[in-house]
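The primary structure of each chain is shown beneath.
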Amino acid sequence: MCVGAAIGVVLARRGAVRFQLKLVESIMSELSPAQRTATTAKVILGTGIVAWPPAFMHGSVTASLLAALLMACGGGLLVAARRAD
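Conventions we followed
Residues numbered from 1 in each chain as written. Predicted model: local features only at pLDDT ≥ 70, side-chain atom pairs only at ≥ 80, totals over all residues. Heavy atoms only, no water. Patch = residues over 30% accessible without salt bridge, like charges linked within 9 Å, V, L, I, M, F, W, Y side chains within 5 Å. Areas by Shrake-Rupley, 256 points an atom, 1.4 Å probe, with all protein chains shown as cover. Salt bridge = Lys/Arg side-chain N within 4 Å of Asp/Glu carboxyl O. Helix = DSSP H or I, 4+ residues; strand = E, 2+ residues; numbered from the N terminus. Phe/Tyr/Trp six-rings, centres within 6.5 Å; stacked < 30°, edge-to-face > 60°. Buried < 20%, exposed > 50% of the residue type's maximum accessible area, 1.4 Å probe, protein only. Expected span 1.5 Å × (residues − 1). Bend = angle between axes of the 7 residues up to and from the residue. Contact = heavy atoms within 4.5 Å.

## As for a nonpolar patch on the surface
Okay, step 1: A cluster of nonpolar residues, W52, F56 and M57, forms a patch on the protein surface that exposes about 380 Å² of accessible area.
Okay, step 2: Tracing the chain through its elements places F56 in helix α3 (residues 33–57).

If you want it as structure tokens, here you go:
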């Protein structure tokens, strides 16, 4: 369930108009599993890219390795998602 649908469910449960739930579901498009995986991979890869420079500049070996691991995992997941599509 997407975030928008979850918000619509919460609104419907709190007594809001049920039309809102149907409107939210009709606006959102369905993503394929490969697209969802690619989005997750981009987030993981981006986290590694953002975390690496500060860790490297502060000289933290552990943080640098963790950021490199995030980049490697995100990149590998992105490649796998692209091949699945």
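So much for the structure itself; the text now carries on.
## Notes on the packing of aromatic side chains
Okay, step 1: Inspection of every chain in the model, using the stated rule, returns one aromatic pair.
Okay, step 2: On the numbers, 4.9 Å between centres and 20 degrees between planes, the contact of W52 with F56 is stacked. Of this pair, W52 and F56 are both found in helix α3, four residues apart, which corresponds to roughly one turn of the helix.
Okay, step 3: Given the relative accessible area of 53%, F56 is considered exposed.

## Section: the environment of A84
Okay, step 1: Its location among the elements puts A84 in helix α4 (residues 61–84).
Okay, step 2: Spatially, the C-alpha atom of A84 lies 9.6 Å from that of T37, the residues being 47 residues apart in sequence.

## Remarks on α3
Each turn of an α-helix holds 3.6 residues, which means side chains three or four residues apart point in the same direction.
Okay, step 1: Between its first and last C-alpha atoms α3 spans 37 Å; for 25 residues at 1.5 Å apiece the expected length is 36 Å, and the two agree.
Okay, step 2: The largest bend in α3 is about 30 degrees, located at A51, with the proline P53 one to four residues further on.
Okay, step 3: For α3, the set of buried residues is A34, A38, A41, G48 and A55.
Okay, step 4: Check the buried side of α3 and you find it contacts α4.
Okay, step 5: One or two positions beyond α3, positive phi appears at G59, with a value near 75 degrees.

## A word on the environment of V79
Okay, step 1: Mapped onto the elements of the fold, V79 is located in helix α4.
Okay, step 2: Its relative accessible area of 45% is what places V79 among the partly exposed residues.
Okay, step 3: Spatially, the C-alpha atom of V79 lies 8.8 Å from that of A41, the residues being 38 residues apart in sequence.

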